[in-house]
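Examination of the molecular architecture
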Amino acid sequence: SLKTIALPEGIELIGSNVFDGCSSLEEIVLPASVKTLERQPLSNCDNLKRIFYEGTEAEWSALKAQENYAYVDYDGSIVLVESPFSNAQVYFYSETKPDEAGNYWHYVDNTPTIW
């Protein structure tokens, strides 16, 4: 029944399948301190709609690239498995309302709020 989770600043690694099957999860706040994603940390989280990332867009791209991987199937073909993050909308933290268009968020009463 977990719908929202905010991981605390200081976490550097999100382990393999840590939220596997958390199908009720809709939102997650990821701190900028996260530097490593192990394989499929949010697999089978089909209702994940929003990721509130406290880092930059470039840092997010580097993290997301780690999550994609390929394997050789039984028939010898190469299968690319994309990040489960690809189904969710990613928002980037901004203390003040940005002048440019984009996906930004900030805290209002300790709640992630989209600008």
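Now for a description of the structure that goes with this document. As the structure is a prediction and not an experimental result, all values here were calculated from the model.

**Some words on the nonpolar core**
Ranked by size, the top nonpolar core spans 21 residues in total, and within it Phe-19, Ile-28, Leu-30, Leu-48, Ile-51 and Trp-60 carry the most contacts. Among the elements of the structure, strand 3 (27-30), strand 5 (50-53), helix 1 (57-67) and strand 8 (89-93) are those that each provide at least two residues to this core.

**So, the environment of Thr-36**
As for its position among the elements, Thr-36 is in strand 4 (residues 36-37). Look at Thr-36 and you get partly exposed, because its relative accessible area is 32%. Residues Thr-36 and Ala-62, spaced 26 residues apart in sequence, show a C-alpha to C-alpha distance of 9.4 Å.

**Some thoughts on the pairing of strand 5**
The two faces of the sheet receive side chains in turn, since in a regular strand these alternate between them. Summarising the sheet, strand 3 and strand 5 pair through four bridges and their orientation is parallel. When the sheet's bridge partners are listed, Ile-28 is paired in strand 5 with Ile-51. Bridge count between strand 5 and strand 8: four bridges; the pairing is parallel. Across the sheet, residue Ile-51 finds its bridge partner in strand 8, namely Val-90.

**Regarding the pattern of salt bridges**
The full count for this structure, using the stated rule, is three salt bridges. With a shortest N-O distance of 3.9 Å, Glu-26 and Lys-49 are connected by a salt bridge. Of this pair, Glu-26 sits in the loop between strand 2 (13-14) and strand 3 while Lys-49 sits in the loop between strand 4 and strand 5, and the two are 23 residues apart along the sequence. Between Arg-50 and Glu-27 there is a salt bridge whose closest N-O contact spans 2.6 Å. Residue Arg-50 is located in strand 5, and its partner Glu-27 is located in strand 3; the two are separated by 23 residues in the primary sequence. Linked by salt bridges that have partners in common, Lys-3, Glu-26 and Lys-49 make up one network.

Parameters at a glance
Note that residues are indexed from 1 along each chain, following the sequence as it is written. Whole-chain, interface and lining totals are the exception, using all residues; otherwise, since this is a predicted model, local features are given only for residues with pLDDT of at least 70 and side-chain atom pairs are given and counted only at 80 or more. Working from all heavy atoms in the structure, the side-chain values ignore hydrogens and water. Side-chain atoms within 4.5 Å link the members of a nonpolar core, which is a set of buried Ala, Val, Leu, Ile, Met, Phe, Trp, Tyr and Cys residues. Exposure classes here rest on a 1.4 Å probe applied to the protein chains alone. A residue is buried below 20% of its type maximum, exposed above 50%, and partly exposed in between. Think of it this way: any DSSP run of H or I at least four residues long counts as a helix, any run of E at least two long counts as a strand, and we number them from the N terminus. Any two strands with at least two DSSP-identified bridges between them are counted as paired. Salt bridges are counted wherever a side-chain nitrogen of Lys or Arg sits within 4 Å of a carboxyl oxygen of Asp or Glu.

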